[in-house]
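Here are the chains, one letter per residue:
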Amino acid sequence: MTMKTNTKYLFLALFTFMLSALSCTKEKTDPAEIEKPYYNVTDDTSDPVQHEKAVLFNSYKTYLITNPTIRDYAYNFANKNKISIVAPEQSNENLLNGIKMLKETFLDLYPEDFKKKNLPFSIILSDTLRFTGIISIDGEVPPKPEYYAWSSTSFIAISGIRKNMGANPQERKDSIRGEINSHFWTGYLAAHKGLFTIPDSFYEISKDNYGKTLFEDPATIDYYQYGFVGYNKLATIYDEIDGWMTDLPREEMDLQMWVAFIFRTPKTKLQPIIDANEKMAQKYEILRDVFKASGYNIDNILK
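Since the structure is predicted, the reported quantities are computational estimates derived from the model, not experimental observations.

Visitor: What should I look at first to understand the overall build of the protein in this one?
Guide: On a plain count of helices and strands, the protein comes out with 9 helices and 9 strands. Every one of the 303 residues in the protein was classed for burial, and the buried ones make up 50%. Total accessible area on the protein is roughly 15000 Å²; 49% of this is exposed by carbon and sulfur atoms.

Visitor: Is there a simple way to think about the environment of Glu 104 in this case?
Guide: Counting through the fold element by element, Glu 104 comes out in helix α3 (residues 92–105). Residue Glu 104 is classed as partly exposed on the basis of its relative accessible area of 41%. Taking the C-alpha atoms as reference points, Glu 104 and Arg 177, 73 residues apart in sequence, are found 8.1 Å from one another.

Visitor: Help me out: how do you make sense of helix α7 (residues 251–264) in this one?
Guide: The end-to-end C-alpha distance of α7, which contains 14 residues, comes to 20 Å, matching closely the 20 Å that a straight helix rising 1.5 Å per residue would cover. Of all 14 residues that make up α7, 10 are buried, and the element is covered over most of its length. Met 253, Asp 254, Leu 255, Met 257, Trp 258, Val 259, Ala 260, Phe 261, Ile 262 and Phe 263 are the residues of α7 that are buried.

Visitor: Would you explain the sheet that holds strand β9 (residues 243–247) in this entry?
Guide: Sheet strands pair by backbone hydrogen bonding; their relative direction is either parallel or antiparallel. The 3 strands lie next to each other as β7-β9-β8, forming an open sheet whose pairing is antiparallel. Of all the strands in the sheet, the pair left with one neighbour each is β7 (213–214) and β8 (232–239). Pairing geometry for β7 and β9, over 2 bridges, is antiparallel. Looking across to β9, one finds that Thr 213 is bridged to Asp 247.

Visitor: Quick question: what am I supposed to make of the nonpolar core here?
Guide: Soluble globular proteins tend to bury their nonpolar side chains together. One finds Phe 184, Trp 185, Trp 258, Phe 291 and Tyr 296 to be the most contacted residues of the largest nonpolar core, which totals 56 residues. Among the elements of the structure, α2 (48–60), α3, β3 (122–125), β6 (155–158), α5 (170–192), α7, α8 (267–276) and α9 (278–293) are those that each provide at least two residues to this core. Of all hydrophobic cores here, the second largest spans 14 residues; its members include Phe 57, Phe 121, Phe 131 and Phe 155.

Visitor: Explain the pattern of salt bridges to me, please; I cannot follow it from the model alone.
Guide: Two side chains bearing opposite charge may form a pair once their charged atoms approach each other closely. All told, the structure shown has 7 salt bridges when counted by the stated rule. Between Asp 127 and Arg 162 there is a salt bridge, and its shortest N-O distance comes to 3.1 Å. Residue Asp 127 is located in the loop between β3 and β4 (128–131), and its partner Arg 162 is located in the loop between β6 and α5; the two are separated by 35 residues in the primary sequence. For the salt bridge of Arg 288 with Glu 285, the shortest nitrogen-to-oxygen distance reads 2.7 Å. Separated by 3 residues within a single helix, Arg 288 and Glu 285 lie in helix α9, roughly one turn from each other. Residue class for Arg 288 comes out partly exposed when judged on its relative accessible area of 26%.

The rules behind the values
Residues numbered from 1 in each chain as written. Predicted model: local features only at pLDDT ≥ 70, side-chain atom pairs only at ≥ 80, totals over all residues. Heavy atoms only, no water. Helix = DSSP H or I, 4+ residues; strand = E, 2+ residues; numbered from the N terminus. Buried < 20%, exposed > 50% of the residue type's maximum accessible area, 1.4 Å probe, protein only. Areas by Shrake-Rupley, 256 points an atom, 1.4 Å probe, with all protein chains shown as cover. Expected span 1.5 Å × (residues − 1). Pairing = 2+ DSSP bridges. Core = buried A, V, L, I, M, F, W, Y, C linked by side-chain atoms within 4.5 Å. Salt bridge = Lys/Arg side-chain N within 4 Å of Asp/Glu carboxyl O.

Below you can see the structure in the form of structure tokens.
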């Protein structure tokens, strides 16, 4: 077995471990264990950030956490969330810009009745969010990947709340929008609210290609022909001797990537892709029906 193959399996082991860690967020939550008085939701119109916290709680019974500590995210009651969160800089300007981004990329996309029924216990604003459940490889610990969003049994977290966020290019804002809503649907609503049940027909479309390795540069591959919107970056490696080993997504990642794709892609770009690729069209139609059955019309976001 070559060194490249050994490395390949080490990365696959890492990816499997990360998926296992993500699945640990699917344990049942006991709301009685959460100390609700810990969070101040008293309205104060002279403090615009505190006012936003009060509005969110009074409207949806959801706590907005703007200065998170480890107690706000580390434990999932029965399990430990393998993430670390850096709190955002606490100026009103920075936090209000973060709240504005939260509304634009998440809250404003849903009707009032839907939010009242389905928002989590808390929403966490963060500067940086990293996955910490990384295993060492030959004594070396790989870099901890950063995420724009995360979900657990009781919260949704969004990162990137920092002073220069106002200068974010539209592409980055679209990525944040895609990731936070993907986590909301596939990691929170599906696991903890009994919504967003995906039929086997969605996975049947790409069943022959899940986890397949292509010995090609990932930038040159037409993923749409397989019904995918991208590749598995965590398990894809490049070897100076043997070149690229590009892994296609597995089932869980495929769904996560599809939901992010729908939320981040403008209709003017998404519709031509759907029209030109049979497998993409089939998967899109299935997901649109699942969203509708869950009480949400995705056509409302495709503008």
